[in-house]
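Topology and contacts: notes
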Amino acid sequence: MHCSIGQSLERVGEWWTPLIVRDLFLGLHRFDDLAENLGIARNLLTRRLETLVEGGIVERRAYQERPLRHEYHLTEAGHDLVPVLMALMAWGDKWATPAGGPPVLLVHDECGAQFTPQVCCSACGKPARTAEVTALPGPGAASGPGTRVLARRGGLTSQDG
């Protein structure tokens, strides 16, 4: 699919992936800790971690030589994924809150305030709400699955992409 969301989901769209990234962000770096916290089968966790390493989202770091053991840490790409998960968490807290309320509260280290993540305009800093955002074709726009209508709005034809 020729769209950034489709390409992103190719890398992180599997159900366990956001939960693994969440746990790495929360400080769980060892395989056994991840497996226990997630309740995931070890072979499935191994495959998911391999995919995340291959995708450049997670890196393996040796922490013991004999026997060789590794920890898993977020790369820059992995850290850039965390705000997306925070926004998903905020949506879940509003629309799918577990019994008893949100299981995690976020505190901004710089000011010490508890906060709810939101998407903001990088130019003015104001919240970017769907009714106030227009999507325009970008430099990579092409007429194909996932971007056909947007490309058509931008005057591209199927021969252009």
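Reference entry: report on the structure contained in this document.

1. Quick word on the pairing of strand β1 (residues 58–64)
Taken together, the 6 bridges between β1 and strand β2 (residues 69–74) define a ladder with antiparallel strand orientation. If you follow Gln64 over to β2, its bridge partner there is Arg69. Where β1 folds back on β2, the antiparallel hairpin that results is connected by 4 residues.

2. Considering the packing of helix α3 (residues 31–38) against helix α4 (residues 42–54)
Where α3 meets α4, the closest approach of the two axes is 10 Å, and the angle between their N-to-C directions is 115°. The crossing of α3 and α4 is right-handed. Between α3, through Phe31, Asp32, Leu34, Ala35 and Leu38, and α4, the contact on the second element is made entirely by Arg42, Leu45, Thr46 and Leu49. Broken down by class, the residue content of the contact of α3 with α4 amounts to 6 nonpolar, 1 polar and 2 charged.

3. Describing a nonpolar patch on the surface
On the surface, Leu88, Trp91 and Trp95 cluster together into a nonpolar patch covering about 420 Å² of accessible area. Within the element layout of this structure, Leu88 appears in helix α5 (residues 76–95). Note on Leu88: relative accessible area 51%, which makes it exposed.

4. As for unusual backbone geometry
Glycine aside, negative phi is the norm for most residues, and most peptide bonds take the trans geometry. Omega for the bond connecting Arg66 with Pro67 falls within 30 degrees of zero, at -10°, which places this linkage in the cis form. Looking at where Pro67 falls in the secondary structure, it is placed in the loop between β1 and β2.

5. Here's the deal with the environment of Val82
Positionally, Val82 belongs in helix α5. C-alpha of Val82 to C-alpha of Arg152: the two residues are 70 residues apart in sequence and 33 Å apart in space. Excluding anything up to four places from it in sequence, Val82 contacts Val21, Phe25 and Leu74.

6. With respect to the pattern of salt bridges
Overall, the coordinates contain 5 salt bridges when judged by the stated rule. Its salt-bridge partner being Arg30, residue Glu71 comes within 3.1 Å of it at the nearest N-O pair. Here Arg30 lies in the loop between α2 (16–25) and α3 and Glu71 lies in strand β2, a separation of 41 residues in the sequence. With a shortest N-O distance of 2.7 Å, Arg61 and Glu59 are connected by a salt bridge. Among the residues examined, Arg61 registers a relative accessible area of 38% and is labelled partly exposed.

Reading the values: rules and limits
Residues numbered from 1 in each chain as written. Predicted model: local features only at pLDDT ≥ 70, side-chain atom pairs only at ≥ 80, totals over all residues. Heavy atoms only, no water. Pairing = 2+ DSSP bridges. Helix = DSSP H or I, 4+ residues; strand = E, 2+ residues; numbered from the N terminus. Axes fitted to C-alpha atoms, helices over the stretch in contact; angles between N-to-C directions. Left-handed = near helix turned anticlockwise from the far one by under 90°. Contact = heavy atoms within 4.5 Å. Nonpolar A, V, L, I, M, F, W, Y, C, P; charged D, E, K, R; others polar. Patch = residues over 30% accessible without salt bridge, like charges linked within 9 Å, V, L, I, M, F, W, Y side chains within 5 Å. Areas by Shrake-Rupley, 256 points an atom, 1.4 Å probe, with all protein chains shown as cover. Salt bridge = Lys/Arg side-chain N within 4 Å of Asp/Glu carboxyl O. Buried < 20%, exposed > 50% of the residue type's maximum accessible area, 1.4 Å probe, protein only.

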